[in-house]
Amino acid sequence: MYTYESSKSAFERAQKSIPAGVNSPVRAFKNVGGTPIFLEKAKGAYLYDVDGNKYIDFVGSWGPMILGHAYEPVIEAVQKKAAFSTSFGAPTVLETEIAELIKSMVPDIDLIRMVNSGTEACMSAILLARGYTGRNKFIKFDGCYHGHADMFLVNAGSGVATLNIQQVPGVTAGTSNDTLIAPYNDLEAVRQLFKQNPNEIAAIIVEPVAGNMGCVLPKEGFLEGLRKICDEENALLIFDEVMTGFRQAKGGAQERYLIRADITTFGKVIGAGLPVGAFAGRHEIMSHIAPLGNVYQAGTLSGNPLAMVAGYTLLKELNEHPEYYEQLNEKAVYLKEGILRVFGERNVPVQVNQKQSMMSLFFNSEPVVDFATSAKSDQTTFSKFFHALLKRGIYLPASQYECWFLSNALTYEDLDKTILAMAESLDEIL
Ligand code: KE4
């Protein structure tokens, strides 16, 4: 039987020095209740907490661990590199090598700038789009999350939705007036915003497969429609590929859906768990970035050797093994089919949204296609399900509004164990 005494005391101690005891809100278990699990180590598909409990991991540090935790080649590369300083604040050949590797993997990129988080990547992309077009407004989608920069904290998903924060204090009216909102998958709403704001919208930023309202897929024609509208309105299309980059395919969602973005942002997998983000695009757009142009963006630790060698090593593995993507998809489909089976046997309404190794389930009888339908899901039951699984050694994201990230370290035995634990959990809570 799992006990959590050490996590409980660690949490009490942490709250004395860190807001809510966590360095990122979604870790606090606010949506599901109970004590957050304090982890000690991880290897492959498995996590080990401070009480010695073992879990099968479906969070993967929110995306980076696509080949599993403590992936040998990455660990060795970081250990070796660390001996020669952890940061220079000066250019290194390694930064060029990872940039060239990414250009070979992702279509339509001439220049890429490294930063330290997905937030930095997305906020820089918006600044660049504004600088390039001379326009101030941008469109984001209800329930999508692009990091915690002020302009994104309007109708944001992920932790903002999890905590049900309607209006984030500190975001000024001026900022939110320039952030226009449309429902995900609603092209007509996007067209209306352009009609109401003629020649004022610099860009549309979209998660090509949404992962911050739970996993929500683009409807047929949605991404193509955004591309067409941006072309007609001379606005830029920004694909926020912080989650989907190098996960939907080695070329990300742009390869999977054959849609070209004008600016693409990256995070998570690109750093293999070390702090890395990036934004990239064609030369005519990226040439506006300082010091080539005047759109200013900078960072002390951008491109630092540890993060670069970790990311380079992981991306090289993915680039050399495209078969990993089929393997990951087959595992996710196997899990989805198992879930549908055990829920169906118990007549429990469920929606399972899955695209490649991103997926999530909703206690909901209607399809989940945007934030409004996601928010109708039964979160109370999800919370009970979450804890029933946790004590059976299955670690899901601690929120209905978060996406699961499968790693290729998962075995079919792990998946069978997970499906069985789900059946037992349903029998326990319903
Ligand atoms: P970071 O600044 O957290 O590295 O990236 C922000 C971001 C940007 N774009 C997308 C599509 C994202 O999903 C994220 C961050 N994702 C969340 C998980 N929903 C990070 C987890 C957290 O906030 O602790």
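Residues numbered from 1 in each chain as written. Predicted model: local features only at pLDDT ≥ 70, side-chain atom pairs only at ≥ 80, totals over all residues. Heavy atoms only, no water.

### With respect to the overall build of the protein chain
When helices and strands are tallied, the protein chain shows 15 helices and 14 strands. In summary, the protein chain has a C-alpha radius of gyration of 21 Å against a globular reference of 22 Å for 430 residues, a match within 12%. C-alpha extents for the protein chain along the principal axes are approximately 60 × 55 × 45 Å. Residues counted as buried form 57% of the 430 residues belonging to the protein chain. Accessible surface computed for the protein chain: about 17,500 Å², of which carbon and sulfur atoms make up 52%. Taking the 38 positively charged and 48 negatively charged side chains of the protein chain as two groups, their mean positions are separated by 2 Å. (Helix = DSSP H or I, 4+ residues; strand = E, 2+ residues; numbered from the N terminus. Rg over C-alpha atoms; globule rule 2.2 N^0.38 Å. Buried < 20%, exposed > 50% of the residue type's maximum accessible area, 1.4 Å probe, protein only. Areas by Shrake-Rupley, 256 points an atom, 1.4 Å probe, with all protein chains shown as cover. Lys, Arg positive; Asp, Glu negative; His and termini not counted. Charge placed at Lys NZ, Arg CZ, Asp CG, Glu CD.)

### Topic: the site of the ligand
The ligand sits among 17 residues. The nearest are Ser-24, Thr-119, Asn-212, Asp-240 and Glu-402. At a separation of 2.6 Å, an oxygen atom of the ligand approaches a polar side-chain atom of Thr-119. Measuring from a nitrogen atom of the ligand, one finds a side-chain N or O atom of Asn-212 at 2.5 Å. Here the ligand, which alone exposes 540 Å², has 87% of that area covered by the protein. Classifying every residue of the shell around the ligand by side-chain character gives 5 nonpolar, 8 polar and 4 charged. Shared between two domains, the shell around the ligand holds at least three residues of each, these being domain 1 (5-70 + 322-429) and domain 2 (72-320). (Near = heavy atom within 4 Å. Polar contact = N/O pair within 3.5 Å; in protein donor to acceptor, adjacent residues only side chain to side chain. Nonpolar A, V, L, I, M, F, W, Y, C, P; charged D, E, K, R; others polar. Domains from an automatic or database assignment.)

### Examining the pairing of strand β3 (residues 54-57)
Bridge analysis of strand β2 (residues 46-49) against β3 gives 3 bridges, and the strand direction is antiparallel. Each residue of the ladder has a partner; that of Leu-47, found in β3, is Tyr-55. Hairpin connection between β2 and β3: a loop of 4 residues separates the two successive antiparallel strands, and Gly-52 in this loop has a positive phi of roughly 85°. Bridge analysis of β3 against strand β13 (residues 394-395) gives 2 bridges, and the strand direction is parallel. (Pairing = 2+ DSSP bridges.)

### Examining the packing of helix α12 (residues 323-345) against helix α15 (residues 412-429)
Here α12 crosses α15 at 20°, and the two axes come no closer than 10 Å. As judged from the angle between their axes, α12 and α15 are roughly parallel. Relative to α15, the crossing made by α12 is right-handed. Residues Glu-330, Lys-331, Tyr-334, Leu-335, Gly-338, Ile-339, Arg-341, Val-342 and Phe-343 of α12 lie in contact with α15, whose contacting residues are Tyr-412, Leu-415, Asp-416, Thr-418, Ile-419, Met-422, Ala-423 and Leu-426. (Axes fitted to C-alpha atoms, helices over the stretch in contact; angles between N-to-C directions. Parallel < 35°, antiparallel > 145°, perpendicular 65-115°, else oblique. Left-handed = near helix turned anticlockwise from the far one by under 90°. Contact = heavy atoms within 4.5 Å.)

### A closer look at the state of the cysteines
Linking two cysteines covalently through their sulfur atoms gives a disulfide. One pass over the structure, following the stated rule, counts 0 disulfides. In this structure Cys-122 is not part of a disulfide, and its nearest cysteine sulfur, from Cys-144, lies 11 Å away. Its sulfur unpaired, Cys-215 is 4.3 Å from the next cysteine sulfur, which belongs to Cys-403. (Disulfide = S-S within 2.5 Å.)

### Quick look at the sheet that holds strand β6 (residues 179-182)
Taken together, 7 strands build an open sheet; the order of strands is β4-β10-β9-β8-β7-β5-β6 and the sheet is mixed. Single-partner strands in this sheet number two, and they are β4 (111-115) and β6. The average angle at which neighbouring strand axes cross in this sheet is 20°, direction not considered. Judged from the 3 bridges that link them, strand β8 (residues 236-240) and strand β9 (residues 263-266) form a sheet pairing that is parallel. In the sheet register, Asp-240 faces β9, and the bridge partner there is Thr-265.

### Things to note about the environment of Pro-36
Here Pro-36 lies in the loop between α1 (5-14) and β1 (39-43). Not counting the four nearest positions on each side in its chain, Pro-36 is found in contact with Ser-7, Phe-11, Arg-27, Ala-28 and Phe-29.

### Topic: the sheet that holds strand β11 (residues 351-355)
Reading across from one edge, β11-β12-β14 is the order of the 3 strands in this open sheet, with antiparallel pairing throughout. Each end of this open sheet is capped by a strand with a single partner; those strands are β11 and β14 (404-405). Relative to strand β12 (residues 358-362), β11 runs antiparallel, the two being bridged by 5 bridges. Directly across from Gln-351, in β12, lies its bridge partner Phe-362. Contacting β11, β12 and β14, α12 crosses the sheet at an angle of about 175° to β11.

### Observations regarding the pattern of salt bridges
Counted by the stated rule, this structure contains 16 salt bridges. Close ionic contact of Arg-392 with Glu-424 constitutes a salt bridge, the shortest N to O distance being 3.1 Å. Here Glu-424 lies in helix α15 and Arg-392 lies in the loop between α14 (379-390) and β13, a separation of 32 residues in the sequence. (Salt bridge = Lys/Arg side-chain N within 4 Å of Asp/Glu carboxyl O.)

### Focus on the domain arrangement of the protein chain
Taken as a whole, the protein chain is organised into domain 1 (5-70 + 322-429) and domain 2 (72-320). If you average the C-alpha positions of domain 1 and of domain 2, the two centres end up 25 Å apart. In this complex, domain 1 contributes 36 residues to the contact, which on the side of domain 2 involves 39 residues. Counting each side, the surface lost to burial between domain 1 and domain 2 is near 3,100 Å², with a carbon and sulfur contribution of 63%. Our enumeration of links across domain 1 and domain 2 arrives at 1 salt bridge. In this structure, Lys-43 and Glu-72 form a salt bridge, with 3.1 Å as the shortest nitrogen-oxygen distance. Connecting domain 1 to domain 2 are 17 residue pairs in polar contact (both at pLDDT 80 or more). Looking at the side of domain 1 that touches domain 2, the elements that each hand over two or more residues are α12, β11, β12 and α13 (371-375). When residues in the side of domain 1 that touches domain 2 are grouped by element, the largest group, 4 residues, is from β12. Classifying every residue of the side of domain 1 that touches domain 2 gives 20 nonpolar, 10 polar and 6 charged. (Buried area = accessible area lost by both parts, 1.4 Å probe.)

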